[in-house]
Amino acid sequence: MTQNAYLETRLPLQEEPPLLMARLVRSGLFDPYMVYESSADWSLAGGILASVRLSGQEARDLSHVGARLAGVPVAGWRAYGWAAFELGAVLAGADPDATDTLLHLIVPMDEVRTDGTDVLIRCLDPERLELLADLVRAGGAASPPEPASRIVLPLQDTGNYRAAVAAALAQLQGKGPLEKVILSRRVPVPTEVDLVASYVAGRRANTPARSFLLDLGGIQAAGFSPETVAEVTADGRVTTRPLAGTRARTGTAADDARLRADLLGDPKEIHEHAISVKLALEDLGAVCDDTTISEYMTVLDRGTVQHLASTVTGRLRPGHGPWDAFAALFPAVTASGIPKAPAYPLIRALEGKPRGLYAGAVLTCDADGTLDAALVLRSVFRLNGQCWLQAGAGVVRQSRPEREHEETCEKLRSVACCLVPADHAATNGESAVTPGAFTE
């Protein structure tokens, strides 16, 4: 099949990548859109050249996703999208809701990418290419104004989270196979949020593994992912980076060091992390050879919290591709349970509603077999006129409801402190954030 090629042009980067991405999104020229930050690379996808949406029984097998994307009529494509948490239960054999979209990918009409030095613009139309080039060139002339205010959001649980943790503990003490379950709670945001400004403010305040901003498939979200679910290279190397075990970060060096030492010496946190890494290794072993663990139980700073972290890697077996790796690892063990299958119905029963994008993945995949999937945590969501935050904690037999509630508050602060009200918006159409260096 003859494929077309994107038209491309390169320009020097004149502003910090998050500010460029925010300004382009605010232009209104990208619909739908997704911004994705991976390491030092940032990309913005807009418009739809091709799409893949899975729901119902079709979502039981992801092996055909690559074949459908291979039919995209343009060379060198990159697909962008998300997977709902409930996809994991369907992959494990649960009956799907036929109406729920579980995986939504688009190959965009337009892309803007930057590695922090240059800006690459890719379009299919020459006039569109020049329009976007002019928009990129227009940046960097002035610093955007500071938001006049932030949303103040109470984070204490007014529902039944502690009771849900107690109910989960009763299940964990039984004779079943369940060793761990991650329970989450939602915090409604009653004020209209400027998601673009909140994304830039949140990216400045956080130290994520990945970040994203999207309006795709009816849902809007901005997030600062602490870990990746799956990283697959073109030559078949697969990496997953589970984080489990948490303490707060206070901003005071002495207190943070004390909390770090407490984290490293807490038997409950060490047990929770160890069994999470064990399952990640088993999941990877289903599709990979040469599986190894490295950087075992280090501590990583992620916004307002610090986590125990490890890295698990392997090499895809012949006949397996990136979607096999994703299916094996999704959803992240650190956001579901151990084992995963019996955790799904308990999560649904105790949380009372589908999670959707929360604890799912935002991801990119390339024509060369590269795939990068970020765990959707530390995020703000908007759907059907409602806006909310969501955070969870890992419940094991040694858990205490009060401590797990406290942990959700610690995680929520990573996003709650960065929410900008919608009426702040700058009249010049730029993202309103304080100038300054972004954390890496």
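Residues numbered from 1 in each chain as written. Predicted model: local features only at pLDDT ≥ 70, side-chain atom pairs only at ≥ 80, totals over all residues. Heavy atoms only, no water.

**Student:** Go over the overall build of the chain, please, and point to the residues and values.
**Tutor:** For the chain, the count of helices and strands is 11 helices and 23 strands. Expected size for 440 residues packed as a compact globule is a radius of gyration near 22 Å; at 21 Å, the chain falls within 12% of this value. For the chain, the spread of C-alpha atoms along the three principal axes comes to 65 × 55 × 40 Å. Burial statistics for the chain: of 440 residues in total, 58% are counted as buried. As presented, the chain carries roughly 17,100 Å² of accessible surface, and 52% of it is formed by carbon and sulfur atoms. Looking at the chain, you have 42 positive and 54 negative side-chain charges, and the mean spots of the two groups are 5 Å apart. (Helix = DSSP H or I, 4+ residues; strand = E, 2+ residues; numbered from the N terminus. Rg over C-alpha atoms; globule rule 2.2 N^0.38 Å. Buried < 20%, exposed > 50% of the residue type's maximum accessible area, 1.4 Å probe, protein only. Areas by Shrake-Rupley, 256 points an atom, 1.4 Å probe, with all protein chains shown as cover. Lys, Arg positive; Asp, Glu negative; His and termini not counted. Charge placed at Lys NZ, Arg CZ, Asp CG, Glu CD.)

**Student:** Requested: an account of the pairing of strand S15 (residues 237-240), with residues and values cited.
**Tutor:** Sheet topology note: the strand S14 (residues 228-232)/S15 ladder contains two bridges and is antiparallel. Bridge assignment links Val232 to a residue of S15, and that residue is Val238. In this antiparallel pair of consecutive strands, S14 and S15, the connection spans four residues, and Gly236 shows a positive phi of 90°. Of the pairings in the sheet, the one linking S15 to strand S18 (residues 305-316) comprises four bridges and is antiparallel in character. Paired with Val238 across the bridge in S18 is Gly314. (Pairing = 2+ DSSP bridges.)

**Student:** Quick rundown of the side chain of Thr114? Include the residues and the values.
**Tutor:** The residue Thr114 is located in strand S9 (residues 110-114) in this model. The buried category is assigned to Thr114, whose relative accessible area is 3%. Looking at Thr114, its side chain comes within polar contact range of the main-chain oxygen of Asp118, at 2.8 Å. Not counting residues within four places of it along the chain, the set of residues in contact with Thr114 comprises Leu13, Pro17, Met21, Ala40, Asp41, Trp42 and Val119. (Polar contact = N/O pair within 3.5 Å; in protein donor to acceptor, adjacent residues only side chain to side chain. Contact = heavy atoms within 4.5 Å.)

**Student:** I'd like a description of the environment of Met109, backed by residues and values.
**Tutor:** Following the sequence through the fold, Met109 ends up in the loop between strand S8 (101-107) and S9. The spatial distance from the C-alpha of Met109 to the C-alpha of Leu49 is 5.0 Å, given a sequence separation of 60 residues. Setting aside residues up to four positions removed in sequence, Met109 forms contacts with Tyr6, Gly46, Gly47, Ile48, Leu49, Arg122, Cys123 and Leu124.

**Student:** An account of the confidence of the model for the chain is requested, with residue identities and associated values reported.
**Tutor:** Within the chain, residue pLDDT values average 92, and 94% of them lie at 70 or more. A low-confidence stretch, residues 425-436 stays under pLDDT 50, and its non-local contacts, those more than four residues away or across chains, total 38 contacts. (pLDDT = per-residue confidence, 0-100.)

**Student:** Which residues make up the nonpolar core, and what are the values?
**Tutor:** In this structure, Leu69, Val181, Leu183, Trp323, Phe326 and Val362 are the most contacted members of the largest nonpolar core, which totals 87 residues. The element contributing the most residues to this core is helix H5 (residues 161-172), with six residues. Discounting chain neighbours no more than four positions away, the residues touching Leu183 are Tyr161, Ala164, Val165, Ala168, Ile347, Leu350, Glu351, Arg355, Ala391, Gly392, Ala393 and Val395. (Core = buried A, V, L, I, M, F, W, Y, C linked by side-chain atoms within 4.5 Å.)

**Student:** Provide a residue-level description of the environment of Asp368, including the pertinent values.
**Tutor:** With respect to the secondary-structure elements, Asp368 resides in the loop between strand S20 (361-366) and strand S21 (371-375). Of the residues examined, Asp368 reaches a relative accessible area of 47% and is grouped as partly exposed. Placed 24 residues apart in sequence, Asp368 and Gly392 show a C-alpha to C-alpha distance of 35 Å. In this structure the side chain of Asp368 is engaged in a polar contact, spanning 2.8 Å, whose partner is the side chain of Thr370.

**Student:** Lay out the packing of H5 against helix H11 (residues 401-416) in plain terms, naming residues and giving numbers.
**Tutor:** Contact pair H5 / H11: the axes reach a minimum separation of 9 Å and the direction vectors enclose 125°. In terms of orientation, H5 lies oblique with respect to H11. The element H5 and its partner H11 pack so that their crossing is right-handed. Contact residues: Tyr161, Arg162, Val165, Ala166 and Leu169 in H5; Pro401, Glu402, Glu404, His405 and Thr408 in H11. (Axes fitted to C-alpha atoms, helices over the stretch in contact; angles between N-to-C directions. Parallel < 35°, antiparallel > 145°, perpendicular 65-115°, else oblique. Left-handed = near helix turned anticlockwise from the far one by under 90°.)

**Student:** Give a description of the sheet that holds strand S3 (residues 33-38) that names residues and reports values.
**Tutor:** Taking strand neighbours across the sheet as the criterion, the 11 strands line up as S2-S10-S9-S4-S3-S12-S13-S22-S23-S11-S19 in an open arrangement whose pairing is antiparallel. The outermost strands of the open sheet, each flanked by one partner alone, are strand S2 (7-12) and strand S19 (337-338). Looking at chain direction, S9 and strand S10 (residues 118-123) are connected through four bridges and run antiparallel. Looking at S10, one finds that Glu111 is bridged to Arg122.

**Student:** Explain empty space enclosed by the protein to me, and be specific about the residues and the numbers.
**Tutor:** One pass over the full model with this rule turns up four cavities of 30 Å³ or more. Taken together, 22 residues line the largest cavity, and the ones lying closest to its centre are Thr334, Leu377, Arg378, Gly392 and Lys411. Within the lining of the largest cavity, the residues separate by chemical class into nine nonpolar, seven polar and six charged. Volume-wise, the second largest cavity comes out at about 60 Å³. If you trace the second largest cavity, you find it lined by Glu227, Thr228, Val229, Thr240, Pro242, Ala280, Asp283, Leu329, Ala332, Val333, Thr334 and Lys340. Partitioning the lining of the second largest cavity into residue classes produces six nonpolar, three polar and three charged. (1 Å grid on protein atoms, 1.4 Å probe; cavity = no way out; pocket = protein on both sides within 12 Å on 5 of 7 lines; lining within 4 Å. Points joined across faces, edges and corners; volume = space filled by probe spheres on them. Nonpolar A, V, L, I, M, F, W, Y, C, P; charged D, E, K, R; others polar.)

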